[in-house]
Structures are given as structure tokens and as C-alpha cells.
Amino acid sequence: QKEVEQDPGPLSVPEGAIVSLNCTYSNSAFQYFMWYRQYSRKGPELLMYTYSSGNKEDGRFTAQVDKSSKYISLFIRDSQPSDSATYLCAMSGRSGGSNYKLTFGKGTLLTVNP
Amino acid sequence: GAGVSQSPSNKVTEKGKDVELRCDPISGHTALYWYRQSLGQGLEFLIYFQGNSAPDKSGLPSDRFSAERTGGSVSTLTIQRTQQEDSAVYLCASSLAQSGGGSEQYFGPGTRLTVT
């Protein structure tokens, strides 16, 4: 079993839809959870950064972490064509003391259709 | 402000040649990371630099890979005797100094390496 599992999609939604992206993980040492957005042939862009369980909201984006279920989510409200990209979850924790070493999911390709 | 910059953006090299990839982190960021992104493997950690501490090289896939960071700023990733399986996008990230917590890592645009 991989440490971080993420459905690769592709996911296609109409403009204005609510998008739900998810990752599961197996390493209970993970404490820091991130979502990155990556446009084609660009570097990943940090969208959300959360510590431990709970919710965090930033504009149209909401990140949720459920450590008891080892499950994280990113919700995008009122999705726009400009949200079309690959979304990567990433996490780190004190596994072996290296809380800076990010472990990534393989990414979900999202297309928002006008 | 300026983000992380990397050069070259693309590099095509012949199998067996050495390549050098450069990363210039965000000003003021003392932590620097290299990752590799390949089709089959996703994003993988390679190496981490923090200030004057010894780097964490635990992610380097073989001894053909090395990296250095001069003056606490610019970093160079060197791949010797390149192989076709080294073809990937090499990403650099930087963050503020850590104080025991996690780190918000900001990535550069990457260098796309193709070994022919």
C-alpha cells in the first residue's frame, strides 16, 4: 500500500460546480497537510496548508483533515475554467524526525468546462 | 516578490553525459529542497538543505546524484553519467527556516530533463 493514495481522475465538471478532491494516507505520523495546484508544464503552487485535524477556508477553497480516518479533502466552490489543473495532496510528519520531507499523492487532473 | 527560479527550463542530453541543474530560492528562505517528478512515480523527495546543517540526502536515488548549496543560497543538482531513467522534471522548493513544525514549501517551475 502506498503511503498516500489519490484518485488520478480525470475529473470533469461544469463551471460553477462544487468540486471535491480527496486523499487517503496510511502513515499516522503525518501532521502537516497541503494541497498544491499544478498547471501543465508549471511548478506546483501551494494552495492550502493545514496542521492536524480540522477545516481551513480560503476564498473558494476549503481544506478538511480527518486524522482519525486518515482522510483529507479539498473543496472548490463555484469552480471556474481557470481552476482546470492537476491537484496534488502532500503531507509530512515526524516519521523518522523528518517533518520537512513531503510525501505527495499522484495528483488528480481536473477540468472545469465553461 | 520573486519566486523560486530554476535553470535551464529544458535540458536534452545524451546518455552518459553529466548535467547540472540550478536553483535560486526565494530571498530569505534558508531551507531548500529538490524533488523529482516523473510520470510513473509522481513527486519524490531528493535532498534537503537547511542553513549550515548537513544536508539530508536520503532521497537521492544513486551515487550519480549529488547536490550542493553555496553561500546558503543558490543550489546545484548534478547528475553524472545520465541514464534514460533519469528523464523527469526536477523541481526545487524553498521555505523559511523550520522551528520544529512543518514547512510551507514554494516550488520553482522545474527543469525538464530528457536523456536520449
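First things first, this report covers the structure right here in the doc. (Residues numbered from 1 in each chain as written. Chains lettered and ligands numbered in written order. Predicted model: local features only at pLDDT ≥ 70, side-chain atom pairs only at ≥ 80, totals over all residues. Heavy atoms only, no water.)

Of regular secondary structure, chain B possesses 0 helices and 10 strands. Counted from the first residue to the last, chain B has its helices and strands arranged as β-β-β-β-β-β-β-β-β-β. Taking 116 residues into account, the globule formula puts the C-alpha radius of gyration at 13 Å, and chain B, at 14 Å, falls close to it. Summarising its shape, the C-alpha atoms of chain B cover approximately 40 × 30 × 30 Å along the three principal directions. Once local pairs closer than 6 in sequence are excluded, the contacts in chain B between residues at least 24 apart make up 56%. Of the charged side chains in chain B, 10 are positive and 11 negative, and the gap between their average positions amounts to 4 Å. (Helix = DSSP H or I, 4+ residues; strand = E, 2+ residues; numbered from the N terminus. Rg over C-alpha atoms; globule rule 2.2 N^0.38 Å. Contact = heavy atoms within 4.5 Å. Lys, Arg positive; Asp, Glu negative; His and termini not counted. Charge placed at Lys NZ, Arg CZ, Asp CG, Glu CD.)

Residue and element names in this part refer to chain A. When you tally the buried positions in strand β9 (residues 85-93), you get 8 out of 9 residues, the bulk of the element. Summarising the sheet, strand β4 (residues 30-38) and β9 pair through 8 bridges and their orientation is antiparallel. Of the residues in β9, the one forming a bridge with Y36 is L88. Sheet topology places β9 next to strand β10 (residues 103-104); 2 bridges connect them, and they run antiparallel. What sits directly across from A90, in β10, is F104. (Buried < 20%, exposed > 50% of the residue type's maximum accessible area, 1.4 Å probe, protein only. Pairing = 2+ DSSP bridges.)

Our focus in this paragraph is the pattern of salt bridges. Under the definition given, this model contains 8 salt bridges over all chains. In this structure, the salt-bridge partner of B:D56 is A:K101, at a minimum N-O distance of 3.8 Å. Residue B:D56 is located in the loop between β5 (42-50) and β6 (65-69), and its partner A:K101 is located in the loop between β9 and β10; the two belong to separate chains. Under the relative-accessibility criterion, B:D56 is labelled buried at 15%. B:R36 serves as the salt-bridge partner of B:E44, at 3.7 Å between the closest nitrogen and oxygen. When its relative accessible area of 25% is taken as the criterion, B:E44 is described as partly exposed. (Salt bridge = Lys/Arg side-chain N within 4 Å of Asp/Glu carboxyl O.)

With that settled, consider unusual backbone geometry. Note that the residue after A:G9, namely A:P10, is joined by a cis bond; omega there is 10°. Structurally, A:P10 can be placed in the loop between β1 (4-6) and β2 (11-14). Following B:S7, the chain continues into B:P8 via a peptide bond in cis, with omega recorded as -10°. In this structure, A:R41 takes a positive phi of about 60° despite not being glycine. Relative accessible area serves as the criterion here: at 60%, A:R41 is assigned to the exposed category.

Residue and element names in this part refer to chain A. Pairing between strand β6 (residues 54-58) and strand β7 (residues 61-66): 5 bridges, direction antiparallel. Following the sheet pairing, D58 is matched in β7 by F61. Between β6 and β7, which follow one another and run antiparallel, lie 2 residues, and G59 among them has a positive phi close to 65°.

Residue and element names in this part refer to chain B. Note that Q83 resides in the loop between β7 (75-79) and β8 (88-95). By relative accessible area, which is 23% here, Q83 ends up partly exposed. A C-alpha to C-alpha distance of 33 Å links Q83 and S27, two positions 56 residues apart in sequence. The contacts of Q83, once residues within four sequence positions are left out, are K15, R64 and V115. Here the side chain of Q83 touches R81 through a polar contact of 3.0 Å, landing on its backbone oxygen. (Polar contact = N/O pair within 3.5 Å; in protein donor to acceptor, adjacent residues only side chain to side chain.)

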